[in-house]
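Here's the letter readout for the chains.
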Amino acid sequence: MATQTHCLSYAGCNFLRQRLVLSTLSGRPVKIRKIRARDDNPGLRDFEASFIRLLDKITNGSRIEINQTGTTLYYQPGLLYGGFVEHDCSVLRSIGYYLESLLCLAPFMKHPLKIVLRGVTNDQVDPSVDVLKATALPLLKQFGIDGESFELKIVRRGMPPGGGGEVVFSCPVRKVLKPIQLTDPGKIKRIRGMAYSVRVSPQMANRIVDSARSILNKFIPDIYIYTDHMKGVNSGKSPGFGLSLVAETTNGTFLSAELASNPQGQGTAVLPEDLGRNCARLLLEEIYRGGCVDSTNQSLALLLMTLGQQDVSKVLLGPLSPYTIEFLRHLKSFFQIMFKIETKPCGEELKGGDKVLMTCVGIGFSNLSKTLK
Amino acid sequence: GERGSSGARAAGGSGETGLWPASHWGDRVSLEKSLPLENAALPTSDSGHCTAEEAFASEDESEGSSSLSSEEEDSENEDVSRKRRPKPTQVGSGQKLGSENLTEETSDIEDLLKEEEHYKEENNYSTETSGALRWKEDLSRKAAEAFLRQQQATPNLRKLIYGTVTEDNE
């Protein structure tokens, strides 16, 4: 893992997380230049600095050098250590921003990771903790990462701009990952959802549920949308509400969609009815895109396929997201892995949009930091 | 381009000759298609198993239709065969057809009848088999065309994602 190979060099602030995560897993140092060099406010943002601090906390022996203006970052990864960690995330991005990367790294720690993250649980940019809990965790289970200690719990909800949410994530470690063969998504079996509201009338959540059901009821009877109204200290510092919907298929694929209200003092007020209806439509769109992994988790699935045993993994995806496409390029430069990519037009039995069948042979990555017992 | 079996076989053979470079393929196919059309138009026109009237009739039709597209011609052929089938009974009962040259003697009619029957059987045989087996003709060529169409219609995602370097590697 800590093989010293030549440093990879990038320019620009895009895909910072991808680069740092892949650098950590591959052990290759990375140098990123020109981070917002021409911006009025140059250099790394607070949320990125917070992310780098988080990486520093979960690894041992990382070397991080940032120049004075913050426009150049050199990162030489250490070993993934894990253990119990607490981290205050920046409220500029939600906890999902940090959690997405942690999901990639957590299975390869020396000690099982248990981490408390504080900040914003639901915002309009990143996948919320609810969605990651409902979609990413089942996906990791497909790769053989499972166990009692594998959980993601929302202790407190926090909406932007104030934040104040708290999440506990714990993940067991694995020496090797199982290869996957997910080529048949199956049919939609049930739809579950979570309508949450904090520091607003509890009736908001009910209004969201009604409007979302008004669209979804036409398609499938098995719908249950939970309402979650947190009070007092568990409700964070800012008011807000939102909805996340998850459709489960007969073959255990989870497709998700979500929407959150505008943060207090930003933009116009959102009607819960509109939010519910729009979110239901987003879910239908996601189902149309389809595939065995929903679009927020495409890159996670591809990473774990790459890091699997030396065996063939196959996964059927919907249209690739731009983030995933860049991730594939990064996988090539860090791990020299290229996927076989076949387009599968929607035929008779494959309904919905065009699908892409991704095939690769894992590099046989094994978790060297895990202690043998 | 569904045509008489001879032409189709020629085209099918070219399909089987296998993997042409995609750029040449289109020209090749169209060329092969156009040739058998002309060849095959002739056999049907003079394949008329020579009764006087039928020969005339079929010749007229074929002359009229030789410039038409193949599918129309096919359908007309079917019409002709359908027309011919009831003929023997009509001729036997009372010569109601009499428009052209049916003022002939009974012996002629009997001959004609015999020949008609003979003709009818053959004709039936040929049209039915060709009709029934038409979808089977040129399967390899059709498959090759479908494959190439598919290949050209779908973007090469691998190339889009990894750039042109992959082409050299592959």
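Residues numbered from 1 in each chain as written. Chains lettered and ligands numbered in written order. Predicted model: local features only at pLDDT ≥ 70, side-chain atom pairs only at ≥ 80, totals over all residues. Heavy atoms only, no water.

Focus: the overall build of chain B
To keep things clear, this is the line we draw: Counting from the N terminus, the helices are the DSSP runs of H or I reaching at least four residues and the strands are the DSSP runs of E reaching at least two. The contact rule is simple, with two residues in contact once any of their heavy atoms fall within 4.5 Å. Here, Shrake-Rupley sampling with a 1.4 Å probe gives the accessible areas, and only protein chains in the shown set may cover a residue.
The secondary structure content of chain B amounts to nine helices and zero strands. Shown N-terminal to C-terminal, the secondary structure of chain B runs as helices and strands in the order α-α-α-α-α-α-α-α-α. In chain B, once contacts between residues fewer than 6 apart in sequence are set aside, the share between residues at least 24 apart is 65%. Accessible surface, chain B: about 11,200 Å² in total, of which carbon and sulfur atoms supply 54%.

Quick notes on the environment of Ser201(A)
All names here are of chain A. Which entries qualify depends on this criterion: Counting of polar contacts relies on pairs of N or O atoms within 3.5 Å, with two restrictions inside protein: one atom must be capable of donating a hydrogen and the other of accepting it, and residues adjacent in sequence are counted only when both atoms are side-chain atoms.
With respect to the element layout, Ser201 can be found in the loop between β12 (188–198) and α5 (203–216). Ser201 sits 38 residues away from Pro239 along the chain, and the two C-alpha atoms are 9.7 Å apart. A distance of 3.0 Å separates a polar side-chain atom of Ser201 from the backbone nitrogen of Gln203.

Quick notes on the sheet that holds strand β15 (residues 254–260) of chain A
In a beta sheet, neighbouring strands pair by backbone hydrogen bonds and run either parallel or antiparallel. All names here are of chain A. Cut-off, in case you're wondering: Following DSSP output, two strands are said to pair if at least two bridges run between them. Every angle, taken between N-to-C directions, lies between 0 and 180 degrees, and every axis is a line fitted to C-alpha atoms, over only the stretch in contact when it is a helix.
On the basis of which strands lie adjacent, the open sheet formed by four strands has the order β13-β12-β14-β15 and mixed pairing. In this open sheet, the two edge strands, each paired with only one partner strand, are β13 (223–230) and β15. Ignoring strand direction, the axes of neighbouring strands in this sheet form an average angle of 15°. Note: strand β14 (residues 240–249) against β15, seven bridges, orientation antiparallel. Pairing of Ser244 across the sheet is with Glu258, part of β15. Against the sheet, helix α4 (residues 129–142) touches β12, β14 and β15, its axis set at about 165° to β15.

A few points about the interface of chain B and chain A
Where we set the bar: Each of two parts loses accessible area, computed with a 1.4 Å probe, when they are put together; buried area is these two losses added. For this document, the term salt bridge refers to a Lys or Arg side-chain nitrogen within 4 Å of an Asp or Glu carboxyl oxygen.
Taken together, the contact between chain B and chain A spans 10 residues of the former and 13 residues of the latter. On the chain B side of the contact with chain A, Arg158(B), Ile161(B) and Tyr162(B) bury the most area, a combined 61% of that side's loss. Across the chain B-chain A interface, the total number found is zero salt bridges. The tally of links between chain B and chain A comes to four residue pairs in polar contact (both at pLDDT 80 or more). For the side of chain B that touches chain A, the elements supplying multiple residues, two or more each, are α8 (157–162) and α9 (165–169) of chain B.

Thoughts on the pairing of strand β7 (residues 82–88) of chain A
Direction of pairing for β7(A) relative to strand β8 (residues 111–119) of chain A: parallel, over a ladder of seven bridges. Across the sheet, the residue bridging to Val85(A) is Ile115(A), located in β8(A).

As for empty space enclosed by the protein
All names here are of chain A. Put simply, the test is: The way it works is a 1 Å grid over only the protein atoms, where trapped points that fit a 1.4 Å probe form a cavity and open points with protein on both sides within 12 Å along at least five of seven lines form a pocket, and then any residue with an atom within 4 Å of a point lines it. Grid points are joined across faces, edges and corners, and a volume is the space filled by probe spheres set on the points.
What the rule picks out here adds up to five cavities of 30 Å³ or more. As a volume, the largest cavity reaches approximately 150 Å³. Lining the largest cavity are 14 residues, and of these Glu100, Ser101, Cys104, Ser299 and Tyr323 lie nearest its centre. Elements represented by at least two residues in the lining of the largest cavity include exactly α1 (16–26), α3 (95–105), α7 (298–306) and α8 (322–335).

Looking at the environment of Ile145(A)
Residues and elements named next belong to chain A. Structurally, the position occupied by Ile145 is in the loop between α4 and β9 (151–156). Spatially, the C-alpha atom of Ile145 lies 9.4 Å from that of Val176, the residues being 31 residues apart in sequence. Apart from residues no more than four positions distant in its own chain, Ile145 is found in contact with Pro107, Leu140, Phe150, Cys171, Pro172, Arg174 and Leu177.

With respect to the pattern of salt bridges
Residue and element names in this part refer to chain A. Worth spelling out the cut-off: Burial classes: relative accessible area under 20% of the type maximum marks a residue as buried, over 50% as exposed, and values in between as partly exposed (1.4 Å probe, protein chains only).
Taken as a whole, this structure holds 22 salt bridges over all chains when the rule is applied. A salt bridge links Arg45 to Asp39; its shortest N-O distance comes to 3.8 Å. Glu166 is the partner of Arg118 in a salt bridge, and the nearest nitrogen-oxygen pair spans 3.4 Å. Here the residue Arg118 occupies a position in strand β8, and Glu166 occupies one in strand β10 (residues 165–171), the gap between them amounting to 48 residues. Since its relative accessible area comes to 27%, Arg118 is described here as partly exposed.

A short note on the side chain of Arg158(B)
Assignment of secondary structure puts Arg158(B) in helix α8. Relative accessible area serves as the criterion here: at 15%, Arg158(B) is assigned to the buried category. Separated by 2.4 Å, the side chain of Arg158(B) and the backbone oxygen of Phe339(A) make a polar contact.

Quick look at the confidence of the model for chain B
All names here are of chain B. Rule in force here: The pLDDT value tells you how sure the predictor is about a given residue, anywhere from 0 up to 100.
Residue-level pLDDT values for chain B average 53, and 18% of them are 70 or greater. Confidence, read as mean pLDDT per element, is least for helix α1 (residues 5–16) in chain B (40) and greatest for helix α7 (residues 139–153) (87). Across residues 1–100, where pLDDT falls below 50, the model places 93 contacts with residues more than four positions away in sequence or in other chains. Long-range and interchain partners of residues 166–170, a stretch whose pLDDT sits below 50, account for seven contacts in this model, where long-range means more than four residues apart.

What about the packing of aromatic side chains?
Residue and element names in this part refer to chain A. Condition: Here the aromatic set is Phe, Tyr and Trp, taking the six-membered ring for Trp, and pairing holds for ring centres within 6.5 Å; pairs whose planes are under 30 degrees apart are stacked, those over 60 apart are edge-to-face, and all others are tilted. Cation placement over rings: the criterion is NZ of Lys or CZ of Arg within 6 Å of the ring centroid and within 35° of the ring normal.
Scanning the model with the defined rule gives eight aromatic pairs over all chains in all. Here the aromatic rings of Phe15 and Tyr323 are separated by 6.0 Å at their centres, their planes lie at 45°, and the arrangement is tilted. Placement of Phe15 in the loop between β1 (8–11) and α1 and of Tyr323 in helix α8 is noted, with a sequence separation of 308 residues between them. The partly exposed category is assigned to Phe15, whose relative accessible area is 23%. With centroids separated by 5.4 Å and ring planes inclined at 85°, the aromatic side chains of Phe47 and Tyr97 adopt a geometry described as edge-to-face. One end of the pair, Phe47, is in helix α2 (residues 46–58); the other, Tyr97, is in helix α3, with 50 residues separating them in the sequence. Owing to a relative accessible area of 10%, Phe47 belongs among the buried residues under this scheme. A cation over an aromatic ring shows up here: Arg93 above the ring of Phe47, its NZ or CZ 5.1 Å from the ring centre.

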